[in-house]
Protein chains: 4
Amino acid sequence: MSFQNPVFIPGPTNVPEELRRAADMPTMDHRSAHFADILHPALAGVKQVLKTETAEVFLFPATGSGGWETAISNTLSAGDKVLASLNGLFSQKWIDMCQRHGLDVEVAAVPWGHGIPTDRYAEILAADTDHQIKVVLATHNETATGVVSDIAAVRAALDASNHPAMLFVDGVSSIGSMDFQMDKWGVDVAVTGSQKGFMMPVGLAIVAFSAKAMAAIESAALPRWYFDVRDMQAGYKINGYPYTPQVGMINALKMSCNMLLDEGLENVFARHARIAEGVRKAISAWDMSLCAVSPELYSNSVSAILTPQGFDANTLVSHASEKYGLAFGGGLGEVAGKVFRIGHLGSLTDVMTLSGLATAEMCMVDLGLDVKLGSGVAAAQEFYRSDFALNHKAAA
Amino acid sequence: MSFQNPVFIPGPTNVPEELRRAADMPTMDHRSAHFADILHPALAGVKQVLKTETAEVFLFPATGSGGWETAISNTLSAGDKVLASLNGLFSQKWIDMCQRHGLDVEVAAVPWGHGIPTDRYAEILAADTDHQIKVVLATHNETATGVVSDIAAVRAALDASNHPAMLFVDGVSSIGSMDFQMDKWGVDVAVTGSQKGFMMPVGLAIVAFSAKAMAAIESAALPRWYFDVRDMQAGYKINGYPYTPQVGMINALKMSCNMLLDEGLENVFARHARIAEGVRKAISAWDMSLCAVSPELYSNSVSAILTPQGFDANTLVSHASEKYGLAFGGGLGEVAGKVFRIGHLGSLTDVMTLSGLATAEMCMVDLGLDVKLGSGVAAAQEFYRSDFALNHKAAA
Amino acid sequence: MSFQNPVFIPGPTNVPEELRRAADMPTMDHRSAHFADILHPALAGVKQVLKTETAEVFLFPATGSGGWETAISNTLSAGDKVLASLNGLFSQKWIDMCQRHGLDVEVAAVPWGHGIPTDRYAEILAADTDHQIKVVLATHNETATGVVSDIAAVRAALDASNHPAMLFVDGVSSIGSMDFQMDKWGVDVAVTGSQKGFMMPVGLAIVAFSAKAMAAIESAALPRWYFDVRDMQAGYKINGYPYTPQVGMINALKMSCNMLLDEGLENVFARHARIAEGVRKAISAWDMSLCAVSPELYSNSVSAILTPQGFDANTLVSHASEKYGLAFGGGLGEVAGKVFRIGHLGSLTDVMTLSGLATAEMCMVDLGLDVKLGSGVAAAQEFYRSDFALNHKAAA
Amino acid sequence: MSFQNPVFIPGPTNVPEELRRAADMPTMDHRSAHFADILHPALAGVKQVLKTETAEVFLFPATGSGGWETAISNTLSAGDKVLASLNGLFSQKWIDMCQRHGLDVEVAAVPWGHGIPTDRYAEILAADTDHQIKVVLATHNETATGVVSDIAAVRAALDASNHPAMLFVDGVSSIGSMDFQMDKWGVDVAVTGSQKGFMMPVGLAIVAFSAKAMAAIESAALPRWYFDVRDMQAGYKINGYPYTPQVGMINALKMSCNMLLDEGLENVFARHARIAEGVRKAISAWDMSLCAVSPELYSNSVSAILTPQGFDANTLVSHASEKYGLAFGGGLGEVAGKVFRIGHLGSLTDVMTLSGLATAEMCMVDLGLDVKLGSGVAAAQEFYRSDFALNHKAAA
């Protein structure tokens, strides 16, 4: 196995040298005083990335899915009602998790490629006058479709009817790549993982609980132990953990936050926007379109590209892997075979992106699609090279 | 922070160079065909280490505690009865987890330092004629007290009354260091983690389910999603995962199994026995005794050493850390302050062990204990150097 | 400093993960028996890469320049005459080294961009009837101009007049990337370094001496100690070194040879030829030309591209570095400011190469050159994607 | 191959994690502006370690032997006279190098185990009234015998007769471990390597030239190119090198200097003195003696221990390697078979040292020597643990 080419899957991303080294730490005693110097800066760094001053951050040895389970099992009881939107594979999975936990999920489904239907959320919440709905779920960025939803609008839908439900947001493929304002948006639980915007290996579920979410814990009757935030909270107070912590991963998270904050969060977001826009310029030049149905839904971390009818998009992904040794994302769930995905989040440069676009073009021509070699690359090049001022300012 | 000295905590262990590198893998597409070449050998390797031909192995991004939760949440329903022994902090935690999941735990408590009371298990099981007890829990090696229990005897206790309860074993600090015979002992769920006998970083919960345990899944009503083995099983069939797998960690597990099997499991166990016996020779020379009350309970992965009354054992641990930069394990739970622990599992040599013993001696003298410098070291040296034949045979 | 983009300098190349790890070896006793298991396979591997069965290989802690000095100081005496061609910076440096060692260098200069003038060599050798010329120097691949010379023709020039002079070849930027046939071409000393075709970090001078060169050692009067091959030869016989060897680097060389031989030397050369031809297709599409004046001189490891008159090629190199974070090679010596160089040797893929070409295009447009974005990329893409059969066969 | 035990050879030392990582740097363009940020701090750091304000530092891809050759070939001409002391293998090698370069070496030999005979130096220099002697060579620390010589006394010997000869010092196994005062001692060329006090891998020759040595360059007629400091000096002025620099190694040197200076040079020296003194306490407890004939000659970086007559010391070294997997240094040259060496320089702790001493004891008993297990360890323990105040102050 060779690892020469960058990956273009929507996470895990290319891991920067610095973070691989921070994660690959020799064994230290996690009960020693030194662990505090790793844990607390990591927690503080995550708070800054989430733009929250009041939430409590918890780090579990798990993936983002473990973060979802942390959110619901610590705050809800069997039979509780939650409102969720279904607009892609990952929102679907979270709904499935809720149902398996005995929750009563009101599903606001929209076609894949659409965002959270905030108008319907508003109607449903307004109609829920006896406040049966305890939690509203929102998938900020649907990784399967490359759709970013408007969390501020979800908050507005809640506020419009003064609904007391908590707002839980899956920010797995947005946080660290696109703006996320936990406090301003009134998010009660934010969930992400280490392998996306934080540019790390897989293995840390990162969750943040607002004071309101923390207050919901005591009455929550869903069984939990591994993901119980009370034990984690008690552990942190004495610089420890309820079980053995992943010291290296937490060390890498500390460094990842430092890298993001040193670059400046707005600069990080601008960089993702620039790289994503270049990819979209290429897609336009290929005369193709995104799964996301309108521009305000375009994700800056992943683009899901619709291929022509009759063409199996998965062949492109396997062709790229076999012939060129380069990994794109395939279509998942309902859009399997209909889209291929270019992940453009985390540790990526304009230069690397161009190699992904050039490879996509070769694959498309190899497989008989009517695309002109170099056309998408040229469109992206023109955008990247013209965007110098922004680029320069970002780096300054 | 410097990492010059080996650690003597009972896990995470010193991680061999080869495994650090295997874990620190560049990003690859976990949905590509290459992942199968990592996943399946790792699963097969674990089966060999567990000495099982029939169980199914599952790897979760979690710690051993997540493995406990996998065991119970996939096989039991609220209100189900389980039989457990309490003889240390880790057996206590598993009981607590069961209770928080609404299980009815019959606790067979013994003083810390004792092993599982298999006679009492036999009596309780014999008395349970209507087979209310669904599962018997057994902590193979109590890391807090350095006590190894007799799992074959637990199996015999079940068989004596033909009791159909399943047998779940926590082998976190035994598997890979001491003999574990899943099939022969009739273990239904075995649980361990990556950071002990497998010599890896923390972050993988490793669980194996017998056919009987697999059969119990469908009727088990405890809510679960993250730790649901059905999704994991379905994923493995198509070389995938229900969520993003930790490719590097699984790659390291594959290599760890290869290392253990190349050395030969019996040689690995003999090496642990030899190193542990040297540590025990030193303890005798110091005129001190183990928390484990009788020789058949002595663990080969960790020794918990009782310090004289009036002496706070934790001061020794902090003194070793501060003055000599060396990590021992402190006492936990009921034995906090009464014992300090020398972890001697995983990647360790006679040579390294002697540095730990020498440091323990310096600490004891520094802190006023009546111990002769060099006395324990000499006892261990004599044992290690005489044990050449065994040593030699093991390496051959 | 970030290391996300590949480098396109003509060495050091991008270092494969495997070789970085092989080089980064923990300290071992270089006087222990284990060193033999590293040293001898490395020496044997180099012989295979050089296609020699009879030469002796020596590895010095040095660069390729140290290899040049090894060649001359072990075989010549002050006042000895050597014949050399000057067609670029590196041939010039070797001549300078000879002169500083008191050798009498007959220089056959040609304009930079030309190859070794083998006709003139033939004439000079034929005229040297009393065999004053002891050594003929030949730079196989002029890294400064991207010109590969015909070593077989140099041999033919020697043979035509039955001239007994030895043939010393600088293969620093050819060996491991382009065919090199030490025995067939009658090369007496071959010189290279670790950081080019061997894809390793800088720091090993790799030299091979034919039996004829070995025989010349005793009468050679130039002073030497560090680079004395007799001490090295004596050391190797007892698995040692005259001074402390770089165990990690030699370990990486062993692995590098294995990688090259596993891929198959002819496949390695075909890969370099394919990648280089794609670069040349791009250059043609840009309507630019190479410094190398004719196709048989085109190097497969580096392309030196002439920029239009009045354009300072070095601005392109610094622009690429500053704006895009990508390293090309600048012009050196006589061609400084007139060419920029794209290194395409060692660990490189079609995909990576396209990112280099796309970046070169952006730089050229940014700096006002009349080049169409995507034009060179498209030409290279067409070549790379069509070359599937070859590509496929190479990998098979 | 496993790398669990520390090494006790007198270099290469155990390499700290931080320095391995600094050396294992991904490829960067060594002609880019970033290289200046690595090179110049490394040069400045070396000056501080050497305690010189006026010397110029040069870093060659080579070993310390290359540094010796740099010293003589840049400053002398064939036939020039140098004065050297022969008291071990390494001083002998330097003399051999001089002779092979046609220098006229006046050798002041003493039995191995003795230091430089500064009285004889003084007599010879006083007698050299026409100043034929151009250079005085001095091996600060004879690695073969564990003897440190008094360089200030050599300087005094020169000053006593106002002799203008330059003073060249081999500080390979002293610099960075024991005090070295280049300016105060009037050293004209100081030579060392990366793999001893700097705790790095092998591969960098580190040399410093005083103004007087620099002035000698122009008239020096020995041929040189690779080790010509003029090219190096010219390169540094434009942030470059005469050939490809080892960027990673220079990066590690920069970090190594930072580590030494952060700890504080006097603290580093005190740490070496403490660890060495503990080793010597053990040797006394074993009733053995050092090759170094008197206490003021005892080296703090390596101890060469005389074994009883009739005992082949090399068997101890091979026994330790084969049975215990631990590397000691063997006897070299005249003292081969008579001594074994414990290297105690670079990255080493009291704790690690005790494991080396314990292993030496086991070997000695295994091989029939009359040594009591634990005796040397106890003597070292008593010293290390009592030395808390010093230890503590050093770390503060």
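Each remark here, short or long, concerns the structure printed above.
Owing to the predicted nature of the structure, the values given are computational and were not obtained by experimental measurement. (Residues numbered from 1 in each chain as written. Chains lettered and ligands numbered in written order. Predicted model: local features only at pLDDT ≥ 70, side-chain atom pairs only at ≥ 80, totals over all residues. Heavy atoms only, no water.)

*Asks:* An account of helix α8 (residues 229-237) of chain D is needed here, citing residue identities and associated values.
*Replies:* An α-helical turn contains 3.6 residues, so a residue and the one three or four places further along point in the same direction. Residue and element names in this part refer to chain D. The set of residues buried in α8 consists of Val229, Met232, Gly235 and Tyr236. Down the axis, α8 shows its buried residues gathered within 120 degrees of arc, on one side only. Close packing links the buried residues of α8 with α2 (34-50), β1 (56-61), α3 (64-73), β9 (204-209) and α7 (211-215). After α8 finishes, the residue Asn239 shows a positive phi value of roughly 60 degrees. (Buried < 20%, exposed > 50% of the residue type's maximum accessible area, 1.4 Å probe, protein only. Helix = DSSP H or I, 4+ residues; strand = E, 2+ residues; numbered from the N terminus. Arc of directions from axis to C-beta. Contact = heavy atoms within 4.5 Å.)

*Asks:* Any details on the relation of the copies chain A and chain B? Residues and values, ideally.
*Replies:* Of the transformation superimposing chain A on chain B, the axial component is 0.0 Å and the angular component is 180 degrees, with the fit at an RMSD of 0.0 Å. This pairing of chains is accounted for by a two-fold axis. Closest to the rotation axis within chain A is the C-alpha of Ala62(A), separated from it by 2.6 Å. Of the residues that chain A buries at the interface, 100% are likewise interface residues in chain B, meaning the two copies contact each other through the same surface. (Least-squares fit on C-alpha atoms with pLDDT ≥ 70 in both.)

*Asks:* Run through the pattern of salt bridges, naming residues and quoting values.
*Replies:* What the rule picks out here adds up to 84 salt bridges over all chains. Taking the shortest distance from any N to any O, the salt bridge between Arg100(B) and Asp231(A) comes out at 2.9 Å. In this pair, Arg100(B) is assigned in helix α4 (residues 89-100) and Asp231(A) in helix α8 (residues 229-237), connecting two distinct chains. For Glu277(A), the salt bridge is made with Lys281(A), and the minimal N-O distance between the two is 3.5 Å. Highlighted residues: Glu277(A) and Lys281(A), both in helix α10 (residues 265-285), separated by four residues, approximately one helical turn. Looking at Glu277(A), the relative accessible area reads 24%, which means it is partly exposed. Connected through shared salt-bridge partners, Asp96(A), Arg100(A), Glu218(B), Arg224(B), Asp228(B), Arg230(B) and Asp231(B) make up one network. (Salt bridge = Lys/Arg side-chain N within 4 Å of Asp/Glu carboxyl O.)

*Asks:* Before we move on, could you go through the environment of Ala55(A) and cite the residues and values that matter?
*Replies:* Residue and element names in this part refer to chain A. Relative to the helices and strands, Ala55 is located in the loop between α2 (36-50) and β1 (56-61). The exposure class of Ala55 is buried, given its relative accessible area of 3%. For the pair Ala55 and Glu123, spaced 68 residues apart in sequence, the C-alpha to C-alpha distance is 29 Å.

*Asks:* How would you summarise the sheet that holds strand β11 (residues 302-306) of chain D if you had to cite specific residues and measurements?
*Replies:* Residues and elements named next belong to chain D. Reading across from one edge, β10-β11-β12 is the order of the three strands in this open sheet, with antiparallel pairing throughout. The sheet is open, and its two edges are formed by β10 (289-290) and β12 (339-343), each paired on a single side. In this structure, β11 lies alongside β12, joined through five bridges in antiparallel fashion. For Val302, the partnering residue across the bridge sits in β12 and is Gly343. The sheet contacts of helix α10 (residues 265-285) involve β10, β11 and β12, and relative to β11 the element is tilted by about 10 degrees. (Pairing = 2+ DSSP bridges. Axes fitted to C-alpha atoms, helices over the stretch in contact; angles between N-to-C directions.)

*Asks:* I'd like to hear about the side chain of Ser65(C), residue by residue, with values.
*Replies:* On the secondary structure map, Ser65(C) appears in helix α3 (residues 64-73). Excluding its chain neighbours within four sequence positions, the residues that come into contact with Ser65(C) are Met97(C), Trp225(D), Tyr226(D) and Tyr243(D).

*Asks:* Break down the interface of chain A and chain B for me, with residues and values.
*Replies:* At the interface, 52 residues of chain A touch 52 residues of chain B. The interface formed by chain A and chain B includes six salt bridges. One salt bridge in this structure joins Arg100(B) and Asp228(A), with 2.8 Å as the shortest N-O distance. For the side of chain A that touches chain B, the secondary-structure elements that each account for two or more residues are α3 (64-73), α4 (89-100) and α8 of chain A. With five residues, α4(A) is the single largest residue contributor to the side of chain A that touches chain B. Among the residues forming the side of chain A that touches chain B, the class breakdown is 26 nonpolar, 14 polar and 12 charged. (Nonpolar A, V, L, I, M, F, W, Y, C, P; charged D, E, K, R; others polar.)

*Asks:* Before we move on, could you go through the packing of helix α12 (residues 350-366) of chain A against helix α13 (residues 375-386) of chain A and cite the residues and values that matter?
*Replies:* All names here are of chain A. Axis separation between α12 and α13 bottoms out at 8 Å; the angle between their running directions is 160 degrees. Looking at the two axes, α12 sits roughly antiparallel to α13. Where α12 crosses over α13, the two elements pack in a sense that is right-handed. Contacts between α12 and α13 involve Asp350, Thr353, Leu354, Leu357, Ala358 and Glu361 from the former and Ser375, Gly376, Val377, Ala380, Gln381 and Tyr384 from the latter. (Parallel < 35°, antiparallel > 145°, perpendicular 65-115°, else oblique. Left-handed = near helix turned anticlockwise from the far one by under 90°.)

*Asks:* Quick rundown of helix α6 (residues 151-160) of chain A? Include the residues and the values.
*Replies:* Residues and elements named next belong to chain A. The set of residues buried in α6 consists of Ile151, Val154, Arg155, Ala157 and Leu158. End-on view of α6: buried residues confined to an arc of 155 degrees, all on one side of the axis. The inward-facing, buried residues of α6 abut α5 (118-127), β4 (133-139) and β7 (166-170). Of the residues flanking the start of α6, the one acting as N-cap is Asp150, its side-chain oxygen 3.2 Å from the backbone nitrogen of Ala152. Remark: Asn162 follows α6 within two positions and exhibits a positive phi of approximately 50 degrees. (Polar contact = N/O pair within 3.5 Å; in protein donor to acceptor, adjacent residues only side chain to side chain.)

*Asks:* Describe the sheet that holds strand β9 (residues 204-209) of chain B, naming the residues involved and giving the relevant values.
*Replies:* Whether parallel or antiparallel, the strands of a sheet pair through hydrogen bonds between backbone atoms. Residues and elements named next belong to chain B. Read across the sheet, seven strands follow the order β1-β9-β8-β7-β4-β2-β3 without closing on themselves; strand pairing throughout is mixed. On the outer flanks of this sheet lie β1 (56-61) and β3 (104-109), each paired with one strand and no other. Adjacent strand axes in the sheet meet at a mean angle of 20 degrees, parallel and antiparallel pairs treated alike. Alignment of strand β7 (residues 166-170) against strand β8 (residues 189-193), held across three bridges, turns out to be parallel. From the neighbouring strand, Val169 faces β8, where its bridge partner is Ala190. α4 rests against β2 (81-86), β3, β4 (133-139) and β7 of the sheet, and its axis sits at about 155 degrees to β2.

*Asks:* Tell me what's going on with the pairing of β2(B), and back it up with residues and numbers.
*Replies:* Residues and elements named next belong to chain B. Judged by how many residues are buried, β2 sits mostly within the fold: five of six residues are covered. As paired elements, β2 and β3 share six bridges and run parallel to each other. Residue Ser85 lies in a different strand from β3, and its bridge partner there is Ala108.

*Asks:* Quick rundown of the interface of chain C and chain A? Include the residues and the values.
*Replies:* The interface of chain C with chain A comprises 34 residues on the first partner and 33 residues on the second. Between the two partners, chain C and chain A, sit four salt bridges. We note a salt bridge from Asp366(A) to Arg385(C), for which the minimum N-O separation is 2.7 Å. Counting across the chain C and chain A interface gives 18 residue pairs in polar contact (both at pLDDT 80 or more). Considering only residue class, the side of chain C that touches chain A consists of 15 nonpolar, 10 polar and nine charged.

*Asks:* Break down the environment of Gly329(B) for me, with residues and values.
*Replies:* All names here are of chain B. Within the element layout of this structure, Gly329 appears in the loop between α11 (313-324) and β12 (339-343). Using a relative accessible area of 4% as the deciding quantity, one classes Gly329 as buried. The spacing of Gly329 and Arg341 is 12 residues in sequence and 4.6 Å in space, taken between C-alpha atoms. Apart from residues lying up to four places away in sequence, Gly329 is in contact with Phe8, Ile9, Pro10, Val317, Phe340 and Arg341.

*Asks:* So what's going on with the pairing of β1(A)? Residues and values would help.
*Replies:* Residue and element names in this part refer to chain A. Here β1 lies mainly inside the structure; five of its six residues are buried. Two strands pair when backbone bridges link them, and β1 and strand β9 (residues 204-209) are joined in this way by six bridges, in the antiparallel orientation. Directly across from Pro61, in β9, lies its bridge partner Leu204.

*Asks:* Could you give an account of unusual backbone geometry, with specific residues and numbers?
*Replies:* As a rule of thumb, non-glycine residues mostly have phi less than zero, and peptide bonds are mostly trans rather than cis. Residue and element names in this part refer to chain B. Residues Gly11 and Pro12 are joined by a peptide bond in cis, for which omega reads -5 degrees. Mapped onto the elements, Pro12 comes out in the segment before α1 (17-23). Positive phi is not limited to glycine here, since Met199 has a value of about 65 degrees. Backbone geometry at Asp287 places phi at a positive 65 degrees, although glycine is not the residue there.

*Asks:* Quick rundown of the packing of helix α11 (residues 313-324) of chain A against α12(A)? Include the residues and the values.
*Replies:* Residues and elements named next belong to chain A. Here α11 crosses α12 at 110 degrees, and the two axes come no closer than 10 Å. Judged on the interaxial angle alone, α12 and α11 are roughly perpendicular. In contact with Leu316, His319, Ala320, Lys323 and Tyr324 of α11, α12 contributes Thr359, Met362, Cys363, Met364 and Asp366. For the contact of α11 with α12, the per-class residue count stands at six nonpolar, two polar and two charged.

*Asks:* Would you mind going over the side chain of Ser65(D) in detail, with residue names and values included?
*Replies:* Under the relative-accessibility criterion, Ser65(D) is labelled buried at 9%. Excluding residues that lie within four positions of it along the chain, Ser65(D) makes contacts with Trp225(C), Tyr226(C), Tyr243(C) and Met97(D).

*Asks:* Kindly report on the state of the cysteines, identifying the contributing residues and their values.
*Replies:* Residues and elements named next belong to chain D. The final tally for this structure, using the stated rule, is zero disulfides over all chains. Left without a disulfide partner, Cys291 is nearest to the cysteine sulfur of Cys363, which lies 20 Å away. Look at Cys291 and you get buried, because its relative accessible area is 5%. (Disulfide = S-S within 2.5 Å.)

The quantities given are spatial measurements derived from coordinates; they are silent on function.
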